[in-house]
Amino acid sequence: QLQIVESGGGLVQPGGSLRLSCAASGFALNIYHIGWFRQAPGKEREGVSCINSDGSSNYADSVKGRFTISRNNAKNTVYLQLSSLKPEDTAVYYCAAVQTHRTVCVLRLESYEYWGQGTQVTVSS
C-alpha cells in the first residue's frame, strides 16, 4: 500500500529553522516527482517546492533562498529545510507524489496523485 508520511513540524521562533521529512512506503520515491505544499488557515493550499526524479527542483518565489528541498534515495525520503522562517510561513505542510514523464516538476496541486496527512509548522515568538 502506497503511503506518504510527513514529520518534523513544530513551533519555532521567527528567524528559526526546521527540517521537514517526507517518508514513503510502498513505492520508491526516486522515480516520482515530489512536491511540498502548504495551507494556512483560511487560505488555499499553495505550492512551496518540488523535486523531480533526477534531483532538479523548483521553488515558489516566497520561499526562494530560504527553503531547500533534497532527497535521500537510500532512505526513501525527501526533505524540506526551512530557514529564516517568518510568521507568514505558518501553515500545515503537505508532501505529495506523482509518477510522470514530465522532465520538470511543477507546483500545481492537480498534478500530484498521492498526498500525506500534513505536518503543522507554526512560526511565532
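Our structure is the block above this text.
None of these values were measured; they are calculated from a predicted model.

Ordered by their spatial adjacency, 4 strands build an open sheet running β1-β3-β8-β7, and the pairing between neighbours is antiparallel. Two strands lie at the open edges of the sheet, namely β1 (3-7) and β7 (67-72), each paired on one side alone. On average, adjacent strands in this sheet sit at an angle of 15 degrees to one another, irrespective of strand direction. Bridge count between β1 and strand β3 (residues 18-25): 5 bridges; the pairing is antiparallel. Looking at β3, one finds that S7 is bridged to S21.

Topologically, R66 is positioned in the loop between β6 (57-59) and β7. Under the relative-accessibility criterion, R66 is labelled buried at 11%. Among the polar contacts listed, one links the side chain of R66 to the backbone oxygen of S84, at a separation of 3.0 Å. Ignoring sequence-local partners within four residues, the contact set of R66 consists of Q81, L82, S83, S84, L85, K86 and D89.

Relative to the helices and strands, V121 is located in strand β11 (residues 119-123). Note: C-alpha distance between V121 and S25 (96 residues apart in sequence) is 23 Å. Not counting residues up to four positions away in its chain, the partners in contact with V121 are G9, G10, L18, L20, L82, D89, T90, A91 and Y93.

Let's shift gears to unusual backbone geometry. Residues apart from glycine generally show negative phi values, whereas peptide bonds are mostly found in trans. Despite not being glycine, N76 has its phi angle at roughly 55 degrees, a positive value. You can see N76 is positioned in the loop between β7 and β8 (77-82). On the accessibility criterion, N76 (18% relative accessible area) is buried. Located in the positive-phi region is S84, a residue other than glycine, with phi close to 50 degrees. The residue S84 is located in the loop between β8 and β9 (91-98) in this model.

Quick look at the pairing of β7 now. Here β7 shows a buried face lined by F67, I69 and R71 and an unburied face lined by T68, S70 and N72. Of the pairings in the sheet, the one linking β7 to β8 comprises 6 bridges and is antiparallel in character. Each bridged residue has a counterpart across the sheet, and for I69 the counterpart in β8 is L80. Counted along the chain from β7 to the antiparallel partner β8, the turn is 4 residues long, and its residue N76 has a positive phi close to 55 degrees.

Reading the values: rules and limits
- Residues numbered from 1 in each chain as written.
- Predicted model: local features only at pLDDT ≥ 70, side-chain atom pairs only at ≥ 80, totals over all residues.
- Heavy atoms only, no water.
- Pairing = 2+ DSSP bridges.
- Helix = DSSP H or I, 4+ residues; strand = E, 2+ residues; numbered from the N terminus.
- Axes fitted to C-alpha atoms, helices over the stretch in contact; angles between N-to-C directions.
- Buried < 20%, exposed > 50% of the residue type's maximum accessible area, 1.4 Å probe, protein only.
- Polar contact = N/O pair within 3.5 Å; in protein donor to acceptor, adjacent residues only side chain to side chain.
- Contact = heavy atoms within 4.5 Å.

It is worth stressing that arrangement in space is one thing and function is another; only the former is reported here.
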